[in-house]
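# Understanding the architecture of this molecule
Each chain, letter by letter, is given below.
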Amino acid sequence: GGKLYVDGLLRDEPFLSQPTLYEYGPAVVPPGQYFVLGDNRNNSYDSHIWGPLPVENIIGRAQIIFFSVAEGERAWEIWRWPWTVRWSRLLSIVR
C-alpha cells in the first residue's frame, strides 16, 4: 500500500487503522493550499480524491472526537453499537 512522504521524508502514522490500499502522487501542493487526509484513508473522501484544499476554505480546527465506530462498521446500525463503537475514542480530545 501507499506510504506518506512529506518533502521526501517518510512519515510515521501509527494512528492509521490499516495500511493505505491506494497509490497517489507524487504531488506538489501549491502555496496557500493544504493536502488533507483522513485517518481512515481507504474510506476517506479527502485530498487524495479532490486535491488540495485552499486555506480560505478552512474555517476551524477539530477539537474533539464525538463518535467513532470500528473500521468497516456502519454508524447507523445502532443495534450493533455495543460491539462496534470505539468507546475509548468517544468524546476524546484531538491532539
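Structure shown above.
Notes on the structure in this doc start here. These numbers were taken from a predicted model, which means no experiment stands behind them.

What follows covers a nonpolar patch on the surface. There is a patch of nonpolar side chains on the surface, built from I64, F66, F67, W87, L90, L91 and I93 and spanning about 740 Å² of accessible area. Along the chain, the position of I93 falls in strand β6 (residues 92-93). By relative accessible area, which is 60% here, I93 ends up exposed.

All right, on to the packing of aromatic side chains then. Centre distance and the angle of the planes are the two values used to describe a pair of aromatic rings. Enumeration over the complete set of coordinates arrives at 4 aromatic pairs. Aromatic side chains F67 and W81 sit 4.9 Å apart centroid to centroid with 55° between the ring planes, which places their arrangement in the tilted category. One end of the pair, F67, is in the loop between β5 (64-65) and α2 (81-84); the other, W81, is in helix α2, with 14 residues separating them in the sequence. Ring plane angle 70° and centroid distance 6.0 Å describe the contact between W76 and W79, whose orientation is recorded as edge-to-face.

Parameters at a glance
- Residues numbered from 1 in each chain as written.
- Predicted model: local features only at pLDDT ≥ 70, side-chain atom pairs only at ≥ 80, totals over all residues.
- Heavy atoms only, no water.
- Patch = residues over 30% accessible without salt bridge, like charges linked within 9 Å, V, L, I, M, F, W, Y side chains within 5 Å.
- Areas by Shrake-Rupley, 256 points an atom, 1.4 Å probe, with all protein chains shown as cover.
- Salt bridge = Lys/Arg side-chain N within 4 Å of Asp/Glu carboxyl O.
- Helix = DSSP H or I, 4+ residues; strand = E, 2+ residues; numbered from the N terminus.
- Buried < 20%, exposed > 50% of the residue type's maximum accessible area, 1.4 Å probe, protein only.
- Phe/Tyr/Trp six-rings, centres within 6.5 Å; stacked < 30°, edge-to-face > 60°.

In short, geometric facts, not functional conclusions.
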